[in-house]
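Structure at a glance
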Amino acid sequence: MDDGLSANQLTFLDSRNLDPALMAMDPLAQLMAQVRPPSPPPLNDNDSDDFPLGPFGSSGSNGMPSETAPPLDAFAKLVKHRLGLKDQEAMKMDAFVKTTSLDERLTLLYGELLDMKSTMSKSQQPENFIMSTELKTVIKSYAFNYLLHHSTMALRGTNDAEHILLAMRDYHASILPSKDSVGRNEVVLGEIRAQLTSFRNVIKTKVKTSMEKTSNGALSSHRNIADLARAVTANVTGGFVVTIYTYLRLALIRWVTKEYPGLKSEEFWPRVNESLLKMRTSRTEAEFISFLTMIYNLDQAEYGQAQDSITKVTLADISTLPQFVQDLGKHAAKVTTILPGQGTKRARETMESPDGDGSGIAGGSDGDVPGAGT
């Protein structure tokens, strides 16, 4: 170089290392210029070998500052003043300045990194997140629509809440936590799971009481499928539309309740899942609806005709559902179903038709099922 200094003899405190434009923009660079000592005299190569430069631009043994180095505490004081450090932060700066070894300073820096990591982790915790009333209403709507959706094959699934949350993001991203807010999303998922559990209990309870007589021997007020649907959906708000598919699903749940009266609470919904899976596997949508229709017809024969206009089974009903409900079905179909565990009572392979020919869930075609497609 022109001044006779080798590259490794120019340090960060040497004014020749700082762009004047940068110094004008950077307050810390200006501070460094204020406390920087004059540039050291030129050294030849032999001198640089015998007297390595210290971290402050002057020669000293073992890389430590020499007498000509600017006092680090003075520089730290200027930094604290310029940055406005107070109390705990200022004390940390003082502790850093007082250390005399590289290991100590690295330890302090590592401790600060761990503290920053802890602070960031706490910021993701859910304790300060309170869901809005609007979000809670949306969750209730999605949870209930999921359970009685025609595409839902897992009324209890391992990842049902996660898929419902994904469906909610399609229309309600503005009221949901961002995807990277792990803690807050866990709160939302917890609320979805709670609503699923609550609505499953409502459905199961209403279905059970619909099959029973009252204390004075009278039939249940929600015995036929239409009244049962009204009882189940009485407290649901936010876009639930009762269709023939609601009736088909409730009829299936009532059939499982009747066929397996001794099921433990935790076994009930896996048994419903298994029944749905047996009906749907290797069959077209139309064939699947035929099996559900047969159960629906049996239900009306035993519990009474639905006294409303929603009586005809037709695939066209899907298009009358709100768009968010139709899109929910795409996510519902991806949920991993929970089936009865080993050692529990296996689902019956067939269900007798009204003619007693044994056709039903596990076999047969549209021609085997009375009233299929009607």
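Residues numbered from 1 in each chain as written. Predicted model: local features only at pLDDT ≥ 70, side-chain atom pairs only at ≥ 80, totals over all residues. Heavy atoms only, no water.

Focus on the confidence of the model for the protein
Averaged over all residues, the pLDDT of the protein is 75; the fraction at 70 or higher stands at 67%. Confidence, expressed as mean pLDDT per element, reaches its minimum in the protein at helix H3 (residues 45–50) with 48 and its maximum at helix H8 (residues 160–172) with 96. Low pLDDT, under 50, characterises residues 47–69; the predicted model gives this stretch 32 contacts beyond four residues in sequence or across chains. Every residue in residues 342–374 scores below 50 in pLDDT, and together they form 68 contacts with partners more than four places removed in sequence or on other chains. (pLDDT = per-residue confidence, 0-100. Helix = DSSP H or I, 4+ residues; strand = E, 2+ residues; numbered from the N terminus. Contact = heavy atoms within 4.5 Å.)

A look at the pattern of salt bridges
This structure, assessed with the given rule, holds nine salt bridges. Arg-254 is paired through a salt bridge with Asp-299; the nearest N and O atoms lie 2.7 Å apart. Of the two residues, Arg-254 is situated in helix H11 (residues 244–259) and Asp-299 in helix H13 (residues 285–303); the sequence distance between them amounts to 45 residues. Asp-299 gets classed as buried once you look at its relative accessible area, which sits at 4%. (Salt bridge = Lys/Arg side-chain N within 4 Å of Asp/Glu carboxyl O. Buried < 20%, exposed > 50% of the residue type's maximum accessible area, 1.4 Å probe, protein only.)

Here's the deal with the side chain of Ser-210
By secondary structure assignment, the location of Ser-210 is in helix H9 (residues 182–210). One polar contact links the side chain of Ser-210 to the main-chain carbonyl oxygen of Val-207, over a distance of 2.6 Å. Within the structure, the side chain of Ser-210 is placed 2.9 Å from the side chain of Arg-254, a separation counted as a polar contact. Apart from residues no more than four positions distant in its own chain, Ser-210 is found in contact with Ser-220, His-222, Arg-223, Leu-228 and Arg-254. (Polar contact = N/O pair within 3.5 Å; in protein donor to acceptor, adjacent residues only side chain to side chain.)

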